[in-house]
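What follows is the residue order along each chain.
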Amino acid sequence: METAVDRTVLTIDELAVPSGLFIGGRWVNGSDFGTVGVFNPSDGSLLTEVADATPADGARAVGAASEALPAWAATAPRTRSEILRRCFELMTQRGEQLARLISLENGKAIHDARSEVAYAAEFFRWYAEEAVRLIGQISTAPSGANRIVVERQPIGVCALITPWNFPAAMATRKLAPALAAGCTAILKPATLTPLTSLVIADIMTQAGVPPGVVNVLTTSRTGEVMDVVLADPRVRKLSFTGSTEVGRHLLRRAADQVLSCSMELGGNAPFVVFEDADLDLAVDGAMVAKMRNGGQACTAANRIYVHRDVHDLFAERLTRRMSALRVGAAVDADTQLGPLVDEASVVKIEDLVRDAVGRGATVTVGGSRIDSPGHFYAPTVVTEVPSDARMVTEEIFGPVASIIPFDTDEEAIAAANSTEYGLAAYVFTEDLRRGLRVAGRIESGMVAVNRGLVSDPAAPFGGVKQSGLGREGAHEGMLEFTETKYIAVDW
Ligand code: NAP
């Protein structure tokens, strides 16, 4: 049993993060002994360095995952389930260590990091439960000549690529279903936030995951290394979470080996507040949907459409809530909003706000970076944002709420759908019939009605249009890591 960690005194060294590549169950150096720096967004300081994988290391990881595959695929589902359950328990026990690490490398406020760890651990628990429920089917052919036996087999070696914004949850949302289905994996975390994945690999090893079943590559040569992995015919699956731009590129790469692809890509979520909404609930919902993770979530409310009758009241209340947020170093106990992940993110937010104001929008609070060695941007509300402003058409990915008035349901639905993205959407109304009708017509994979949060390991998470392909979480998330095998039997 791990002992509880002290919440206040741990430094990066005391967090005991492995720094090597994890290949074949061993921590190893990259073949050219290079390293990559990991920085603290709260003050810009160097936290530590991790191994920098080369393309040859990518090939080694594929070799290890491929060697481990037959035994893991043949391991009894109950055994796989129990190992995943131990991963859940150990991750929960080491929750404070992981939360602190996430805050240090990603910059999210510690209370957001704790929520992420709990959410991430749930994927292990959920897929421990699903591992023993990979059900096939049997039927008689319509001609009566034979039986149709259908079963689900593990798809094989999987390449898993994750973004920096949820370093723990995006890793476990892929690792847990892959392992539950009997697959082995090569995980490539974002270079900005590799440490959490390294600790997760350590936890999984402690929980009994055999050598080679999970391998982790950290690298500054992402394209080169992953090109080698994806071109290897032993790899059969790519599960990617990240930007739509990189997703498109990887789909082209995956075409060469005709890889099965699950793609969780960018979002541009509409958040629609009707005139009959409970405004307190809507403002609470907006604070969660906009500000969880400091706005750096693919599900973040990007365009807040508010009926003109309640627009001013909603804007005033949201402005008050945003101005009351305590901004500070991510690990400080009373911080509600930490920094953005890097300087480029701050510059992008500055550009988006400048663009909107240039087109006639009004800033009611915030509107500028905070002078600090860290990457801070003030909590910001912008109203009367015109539909051609860049913050309406692009992912904001920061603490900026953009409010746009509307007059009719049809206008709100058309505006919500006027994007190439279709990940999450939010609808607030006290009329459930209206809420469900609008939810049905919004082009997105997920709609929250009178809630600011959609994520749940037991629910199918994913997008339509250019927000992605496939689903993660729920039973569906495990099926993504299987192939359907049909056997025609004459008995
Ligand atoms: P990103 O730039 O697309 O990077 C995502 C991952 O892809 C990183 O690990 C990155 O590695 C890797 N990558 C970049 N170029 C690659 C290449 N040529 N070959 C192979 N891998 C490559 O996205 P991000 O900035 O980390 O994350 C933010 C984006 O993720 C947003 O668009 C957000 O909406 C999206 N997201 C979507 C979901 C969802 O479930 N739909 C969830 C979370 C985030 P490096 O770090 O080394 O560049």
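Everything quoted here is computed from the prediction, not taken from an experiment.

Parameters and conventions
- Residues numbered from 1 in each chain as written.
- Predicted model: local features only at pLDDT ≥ 70, side-chain atom pairs only at ≥ 80, totals over all residues.
- Heavy atoms only, no water.
- Pairing = 2+ DSSP bridges.
- Helix = DSSP H or I, 4+ residues; strand = E, 2+ residues; numbered from the N terminus.
- Axes fitted to C-alpha atoms, helices over the stretch in contact; angles between N-to-C directions.
- Phe/Tyr/Trp six-rings, centres within 6.5 Å; stacked < 30°, edge-to-face > 60°.
- Lys NZ or Arg CZ within 6 Å of the ring centre and 35° of its normal.
- Salt bridge = Lys/Arg side-chain N within 4 Å of Asp/Glu carboxyl O.
- Buried < 20%, exposed > 50% of the residue type's maximum accessible area, 1.4 Å probe, protein only.
- Polar contact = N/O pair within 3.5 Å; in protein donor to acceptor, adjacent residues only side chain to side chain.
- Contact = heavy atoms within 4.5 Å.

1. What to know about the sheet that holds strand 6 (residues 147–154)
The three strands lie next to each other as 5-6-20, forming an open sheet whose pairing is antiparallel. For this open sheet the edge positions go to strand 5 (137–140) and strand 20 (482–489), each flanked by a neighbour on one side alone. Averaged over all adjacent pairs, the angle separating strand axes in this sheet is 20°, with direction ignored.

2. Looking at the packing of aromatic side chains
Tallied over the full model, the rule gives six aromatic pairs. Ring geometry for Trp164 against Phe397: centres 5.7 Å apart, planes inclined by 90°, an arrangement best described as edge-to-face. Linking Trp164 in the loop between strand 7 (157–161) and helix 5 (169–181) with Phe397 in the loop between helix 12 (390–393) and strand 16 (400–406), this pair joins segments that are 233 residues apart in sequence. Ring centres 5.5 Å apart and planes at 35° place the aromatic pair Phe271 and Tyr426 in the tilted group. Note that Phe271 is positioned in strand 12 (residues 269–273) and Tyr426 in strand 17 (residues 424–428), a separation of 155 residues in sequence. A network of ring pairs unites the aromatic residues Phe271, Tyr426 and Phe428 as a single cluster. Just above the ring of Phe461 sits the side chain of Arg173; from NZ or CZ to the centre is 4.1 Å.

3. Describing the pattern of salt bridges
Per the counting criterion, the structure on display carries 29 salt bridges. Across the pair Arg60 and Asp57 runs a salt bridge whose closest N-O atoms are separated by 2.6 Å. Here Arg60 and its partner Asp57 are both found in helix 1 (residues 55–74), three residues apart, which amounts to about one turn of the helix. Residue Arg321 is joined to Asp284 by a salt bridge in which the shortest nitrogen-to-oxygen separation is 2.8 Å. Placement of the pair is Arg321 in helix 10 (residues 308–323) and Asp284 in helix 9 (residues 279–291), with a sequence separation of 37 residues. For Arg321, a relative accessible area of 36% puts it in the partly exposed group. Among the charged side chains, a salt-bridge network with shared partners connects Glu275, Asp276, Asp409, Arg434 and Arg437.

4. Examining the side chain of Ser444
On the secondary structure map, Ser444 appears in the loop between helix 14 (432–441) and strand 18 (446–449). Among the polar contacts listed, one links the side chain of Ser444 to the backbone oxygen of Met446, at a separation of 3.0 Å. The residues contacting Ser444, other than those within four sequence positions of it, are Gly422, Leu423, Ala424, Ala425 and Val464.

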